[in-house]
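Chain residues, written in single-letter form:
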Amino acid sequence: MAFKIVHDRNACIGCGACAAICSANWKMNKDGKSDPKKTSLAEIGCNQEAVDSCPVQCIKVQKSK
Amino acid sequence: MIMDIGKSLRMALENEQKGMKMYEGFAKKAKNEITKRTFRFLADEEVKHIDSIKEFAKTGKMKVKLRPITEVKVKTIFKTSVSHFSKKVKTGTMDIEAHKLGMELEEKSYDLYEKMAKAAKDRKSKEFFVFLMKEESLHYDLIRNAFDFISDPESWYAGEEKRMMEG
């Protein structure tokens, strides 16, 4: 099973919750918004916590084959 | 900092809208009721600020209905939450991080409005940004208090008892 991270950057408000809770795969950028370090992952890791913590639901994790 | 009032108000509006979305989301996703109540209150506060900024941009006056939240009111809100929900506190990582991010936002907002107050050319604009600074400072205190409680309730109660004994 592999996982794909989908981030709606337009909806991101740059609160930093994902980067705080899942720094292994999320970082804050100079424009004040976050970005995933990797979008295709073999393991979900802490990305589900990033999804759960995002106050504007702009992060999704999709299962891919 | 050279900034015209229109640009300052636009930035202030964006800042408050960000805060509102962030606090609404945190309130919905929080694991415990104290966090939910704290962030629900703060989201409502940001809505009031948004209205007041729009009003100020339109008329150059502070909204008549808008009253600054007092320190007493902030303390009351938090103490009421604690007395209602202290036995049911379940704290998740997200709750802790939400408080840290909230404090960070309030600090940044305070700094932003301080710069705007200093840069303001007229008395009314200066007063408006000083008002927002005071509000952000009280919001910070509210989040800090809630953070201290959910991080370590026993120490929080011990501190409260000490404060009561000292009068």
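The shown structure was predicted, so the numbers you read here are calculated from the model rather than taken from an experiment.

Another point: the overall build of chain A. Each helix and strand counted, chain A has 2 helices and 5 strands in total. Listed N to C, the secondary structure of chain A is β-α-β-β-β-α-β in terms of helices and strands. Here chain A has a C-alpha radius of gyration of 11 Å; the compact-globule value for 65 residues is 11 Å, and the two agree. The buried share of chain A, reckoned over its 65 residues, is 29%. Long-range contacts, defined as pairs at least 24 residues apart, comprise 58% of the intrachain contacts of chain A with a sequence gap of at least 6.

With that settled, consider the overall build of chain B. Scanning chain B from N- to C-terminus turns up 6 helices and 0 strands. What you see in chain B, going N to C, is helices and strands ordered as α-α-α-α-α-α. Within chain B, contacts between residues at least 6 apart in sequence are counted, and of these 76% link residues at least 24 apart.

Moving on to the interface of chain A and chain B. Facing the 10 residues of chain A at the interface are 12 residues of chain B. Sorting the residues of the side of chain A that touches chain B by element identifies α1 (17–21) and α2 (47–53) of chain A as the ones contributing at least two each. Ranked by residue count, the leading element in the side of chain A that touches chain B is α1 of chain A, at 3 residues. By residue class, the composition of the side of chain A that touches chain B is 7 nonpolar, 2 polar and 1 charged.

Let us look at helix α6 (residues 153–166) of chain B. Across its 14 residues, α6 of chain B extends 20 Å between first and last C-alpha, which sits within 8% of the 20 Å expected from 1.5 Å per residue. Within α6 of chain B, only 0 of the 14 residues are buried, which leaves it mostly out in the open.

Mapped onto the elements of the fold, Ala-17 of chain A is located in helix α1. Residue class for Ala-17 of chain A comes out buried when judged on the 28 C-beta atoms lying within 10 Å of it. Between the C-alpha atom of Ala-17 of chain A and that of Ala-50 of chain A, which follows or precedes it by 33 residues, the distance is 7.1 Å. Beyond its immediate chain neighbours, meaning those up to four positions away, Ala-17 of chain A contacts Ser-53, Cys-54 and Pro-55 of chain A together with Glu-97 and Leu-101 of chain B.

Moving on, we get to the environment of Glu-136 of chain B. Along the chain, Glu-136 of chain B turns up in helix α5 (residues 123–151). Between the alpha carbons of Glu-136 of chain B and Glu-45 of chain B there is a distance of 9.9 Å; along the sequence they are 91 residues apart.

Turning next to the nonpolar core. Counting residues in hydrophobic clusters, the biggest one holds 26 residues, and the most contacted among them are Ala-17, Cys-18, Ile-21 and Ala-50 of chain A together with Tyr-23, Phe-26 and Phe-39 of chain B. Mapped by element, the contributors of at least two residues to this core are α1 of chain A together with α1 (5–29), α2 (33–59) and α4 (93–119) of chain B. Those residues in contact with Ala-50 of chain A that sit more than four places away from it in its chain are Cys-18, Ile-21, Cys-22, Trp-26 and Ile-59 of chain A.

Our next topic: the sheet that holds strand β1 (residues 2–7) of chain A. All names here are of chain A. In space, the 3 strands of this open sheet follow the order β4-β1-β5, with antiparallel pairing throughout. The open sheet is flanked by β4 (40–41) and β5 (59–64), the only strands paired with a single partner. The sheet contact formed by β1 and β4 spans 2 bridges and is antiparallel. Across the sheet, Phe-3 pairs through a bridge with Leu-41, a residue of β4.

Take the confidence of the model for chain B next. Residues with a pLDDT of 70 or more make up 89% of chain B, whose mean pLDDT is 86. Scored as a complex, the prediction yields pTM 0.86 and ipTM 0.86.

Our next topic: unusual backbone geometry. Of note in the backbone geometry, Gln-57 of chain A takes a positive phi value of approximately 50 degrees without being a glycine. Residue placement: Gln-57 of chain A occurs in the loop between α2 and β5.

We now examine the packing of α1 of chain B against α2 of chain B. All names here are of chain B. Relative to each other, α1 and α2 sit at 160 degrees, their axes nearing to 8 Å. Between α1 and α2, the crossing angle belongs to the class labelled roughly antiparallel. Our pair here, α1 against α2, has a crossing hand that is left-handed. Counted together, Leu-9, Ala-12, Leu-13, Glu-16, Gln-17, Gly-19, Met-20, Tyr-23, Glu-24, Phe-26 and Ala-27 of α1 and Lys-36, Phe-39, Arg-40, Leu-42, Ala-43, Glu-46, Val-47, His-49, Ile-50, Ile-53, Phe-56 and Ala-57 of α2 form the full contact between these two elements. When the residues that make up the contact of α1 with α2 are grouped by side-chain class, the tally is 15 nonpolar, 3 polar and 5 charged.

Pairing of β1 of chain A with β5 of chain A, which is carried by 6 bridges, proceeds in the antiparallel orientation. Within β5 of chain A, the residue paired with Ile-5 of chain A across the bridge is Val-61 of chain A.

Calculation notes
Residues numbered from 1 in each chain as written. Chains lettered and ligands numbered in written order. Predicted model: local features only at pLDDT ≥ 70, side-chain atom pairs only at ≥ 80, totals over all residues. Helix = DSSP H or I, 4+ residues; strand = E, 2+ residues; numbered from the N terminus. Rg over C-alpha atoms; globule rule 2.2 N^0.38 Å. Buried ≥ 20, exposed ≤ 12 C-beta atoms within 10 Å, placed from the backbone. Contact = placed C-beta atoms within 7 Å. Nonpolar A, V, L, I, M, F, W, Y, C, P; charged D, E, K, R; others polar. Expected span 1.5 Å × (residues − 1). Core = buried A, V, L, I, M, F, W, Y, C linked by C-beta atoms within 7 Å. Pairing = 2+ DSSP bridges. pLDDT = per-residue confidence, 0-100. Axes fitted to C-alpha atoms, helices over the stretch in contact; angles between N-to-C directions. Parallel < 35°, antiparallel > 145°, perpendicular 65-115°, else oblique. Left-handed = near helix turned anticlockwise from the far one by under 90°.

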